[in-house]
Amino acid sequence: MSDEQQYDSTDRADDAVDFEEDAYVEGGRRRKKRGFSGCLAVLVALAVLVGGFYFGVTRGVEWVSSQFTTAEDFSGPGRGSVTFEVSQGDTTAQMGRNLKAEGVVASVQAFLDAAAAEPDSAGIQVGFYEMQKEMAADDALEVLLDPANQVKSVVTVPEGMRVEDVVTLLGEQTDFGAAKWRKALGQDIGLPDYAEGNPEGYLFPATYEIGPKDKPRDVLTAMVDRWRQATDDAGLEEAAAELGKTPAELMIIASLVEAEGRGDDMPKISRVIFNRLDGPGDKAGTNGLLQIDASVNYGLDQELGVALTTEQLQQDTPYNTYTRPGLPPTPIEAPGDAAIAAAANPEEGDWYYYVTVDLATGETKFAETYDEFLTYKDEYTEYCTTSDAC
């Protein structure tokens, strides 16, 4: 190889190195040569800048567009059937999400917009509502605002019913037969320990709403819960200790008061029962016998208001208060608020007898002695000679 060829080869190699290194300039300073890596950095920076600008513009356009476009909504009127539940604590947004999930409304926002335009939207009540799929959001809201649209069975259990009567009533007025209600009575429905598993007297008489998801046990538990509320309001357990009775005994007394009295007479009837149980001596000739026909009928498995024959009054059962002193072993029917309050708070008085002298008005007279009682009994007999009520 010639010197010239060698020189050229070496110079080219050096030039390649110099392209990567700093070059000398006049004055001894080094000058950074622009290479491919520098260009790449500039390009990346420009790309990020342009991309950010594009993203910002796009989001801005979307935001502006959202301010001037209507949320997706169905035109209605809807189709099919949906049972929709509003649960305790549901917010409007949660209702919207649930409605969309059920296919009732097209979007959550459409429902929120409808609710925002309705001042009463905060008044939606908990419960089940019959709705349709693909409803306009305004129409869906209108359904929820009217409690009359709730899907429920309403059953009223009157005062004075035995468990067997309650079961029959519930079997007739709900989708569950009497057999299922009887089976549910054997489950845990929240009875107090002193009931000893017997629901007689503890299925509180009131009006109950039965929702689509409620089962017999749920309803019976609600009835016992309502009973507990009544006894708490009356201070039953505290009163039992003060009166020298157990809570179970006060519930028996309450059931007897329910069977025998009404209205303002209930606390007086309660006092008659207490006097016959706890009075001195022969207890004004009663000898501790309560002599309550409804209890005798209960022991004979008859309607509680049936008139008794002399033979039936002599038939001995644990519930015959003509042959056995003291209280019957269990309540004989379901007492309401007034009867429970009367049992816990008997009126002060020395009465041992009472007679209802007018069956139409319920007028009842109370006597302290047997002779006074006979006078009122004669008044009742005379009433019956002129009235068809007897």
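Provided above is the structure to which this section pertains.
Residues numbered from 1 in each chain as written. Predicted model: local features only at pLDDT ≥ 70, side-chain atom pairs only at ≥ 80, totals over all residues. Heavy atoms only, no water.

Side chains of Glu-72, Asp-73, Asp-113, Asp-138, Asp-139, Glu-142 and Asp-146 sit close together on the surface and give a patch of like negative charge. For the negative patch, the leading source of residues is helix α5 (residues 137-145), giving three residues. Mapped onto the secondary structure, Asp-139 falls in helix α5. Residue Asp-139 is classed as partly exposed on the basis of its relative accessible area of 32%. (Patch = residues over 30% accessible without salt bridge, like charges linked within 9 Å, V, L, I, M, F, W, Y side chains within 5 Å. Areas by Shrake-Rupley, 256 points an atom, 1.4 Å probe, with all protein chains shown as cover. Salt bridge = Lys/Arg side-chain N within 4 Å of Asp/Glu carboxyl O. Lys, Arg positive; Asp, Glu negative; His and termini not counted. Charge placed at Lys NZ, Arg CZ, Asp CG, Glu CD. Helix = DSSP H or I, 4+ residues; strand = E, 2+ residues; numbered from the N terminus. Buried < 20%, exposed > 50% of the residue type's maximum accessible area, 1.4 Å probe, protein only.)

This model, assessed by the stated rule, comprises twelve salt bridges. A salt bridge links Arg-271 to Glu-348; the shortest N-O distance between them is 3.3 Å. Within this pair, whereas Arg-271 is found in helix α11 (residues 266-278), its partner Glu-348 is found in the loop between α14 (337-344) and β7 (353-358), the two being separated by 77 residues in sequence. The exposure class assigned to Arg-271 is buried, which follows from its relative accessible area of 13%. Looking at Glu-348, the relative accessible area reads 66%, which means it is exposed. For Arg-324, the salt bridge identified is with Asp-316, shortest N-O distance 3.1 Å.

All right, on to the packing of aromatic side chains then. By the definition in use, this model includes ten aromatic pairs. Taking 6.5 Å as the distance between ring centres and 70° as the angle between the ring planes, the aromatic pair formed by Tyr-194 and Trp-227 counts as edge-to-face. With Tyr-194 in the loop between α7 (178-185) and β6 (207-210) and Trp-227 in helix α8 (residues 216-234), the pair connects residues that are 33 residues apart, well separated along the chain. Grouped by ring-pair contacts, the aromatic residues Tyr-194, Tyr-202 and Trp-227 constitute a single cluster. Positioned above the aromatic ring of Tyr-353, the side-chain terminus of Arg-276 is 4.9 Å from the ring centre. (Phe/Tyr/Trp six-rings, centres within 6.5 Å; stacked < 30°, edge-to-face > 60°. Lys NZ or Arg CZ within 6 Å of the ring centre and 35° of its normal.)

This brings us to the layout of surface pockets. Of the pockets and cavities examined, the largest pocket occupies roughly 1,300 Å³. Glu-260, Gln-291, Asp-293, Tyr-322 and Tyr-354 are, among the 38 residues lining the largest pocket, the residues nearest its centre. Broken down by secondary-structure element, the contributors of at least two residues to the lining of the largest pocket are α10 (247-260), α11, α12 (293-299), β7 and α15 (370-386). Broken down by element, the residue count for the lining of the largest pocket peaks at five residues, all from α15. Looking at the lining of the largest pocket residue by residue, the classes come out as 21 nonpolar, ten polar and seven charged. (1 Å grid on protein atoms, 1.4 Å probe; cavity = no way out; pocket = protein on both sides within 12 Å on 5 of 7 lines; lining within 4 Å. Points joined across faces, edges and corners; volume = space filled by probe spheres on them. Nonpolar A, V, L, I, M, F, W, Y, C, P; charged D, E, K, R; others polar.)

A separate point is the side chain of Lys-245. Positionally, Lys-245 belongs in the loop between α9 (236-243) and α10. Classification of Lys-245 by relative accessible area gives buried; the value is 15%. Here Asp-278 takes part through its side chain, which lies 3.0 Å from a polar atom of the side chain of Lys-245. (Polar contact = N/O pair within 3.5 Å; in protein donor to acceptor, adjacent residues only side chain to side chain.)

The biggest cluster of nonpolar side chains holds 59 residues, and the ones touching the most others in it are Leu-203, Leu-220, Met-223, Ile-253, Val-257, Ile-273 and Ile-340. Residues contacting Met-223, with those up to four places away along its chain left out, are Val-157, Val-166, Leu-170, Tyr-202, Leu-203, Phe-204 and Tyr-208. The next biggest cluster of nonpolar side chains, apart from the first, holds 20 residues, and it includes Leu-99, Tyr-129, Met-131 and Ala-137. (Core = buried A, V, L, I, M, F, W, Y, C linked by side-chain atoms within 4.5 Å. Contact = heavy atoms within 4.5 Å.)

Quick look at the state of the cysteines now. Overall, the coordinates contain one disulfide when judged by the stated rule. Disulfide pairing is shown between Cys-384 and Cys-390; the S-S distance is 1.9 Å. Its torsion about the S-S bond being -80°, the disulfide of Cys-384 and Cys-390 is classed as left-handed. We classify Cys-390 as partly exposed; its relative accessible area is 46%. (Disulfide = S-S within 2.5 Å.)

Between α8 and α14, whose axes approach to 9 Å, the crossing angle comes to 40°. In this view, α8 runs oblique relative to α14, as classed from their interaxial angle. Crossing hand, α8 versus α14: right-handed. From α8, Arg-226, Trp-227, Ala-230, Thr-231 and Ala-234 reach across to α14, where they touch Asp-337, Ile-340, Ala-341 and Ala-344. In terms of residue class, the contact of α8 with α14 is built from six nonpolar, one polar and two charged. (Axes fitted to C-alpha atoms, helices over the stretch in contact; angles between N-to-C directions. Parallel < 35°, antiparallel > 145°, perpendicular 65-115°, else oblique. Left-handed = near helix turned anticlockwise from the far one by under 90°.)

For the rest of this paragraph, the subject is the side chain of Ser-107. Along the chain, Ser-107 falls in the loop between α3 (92-101) and α4 (108-116). For Ser-107, a relative accessible area of 10% corresponds to the buried category. Within the structure, Ser-107 has its side chain in polar contact with the backbone oxygen of Glu-72 (distance 2.5 Å). Polar contacts involving the side chain of Ser-107 include one to the main-chain amide nitrogen of Ala-110, which spans 3.2 Å. The residues touching Ser-107, leaving out its near neighbours within four places in the chain, are Ala-71, Glu-72 and Lys-100.

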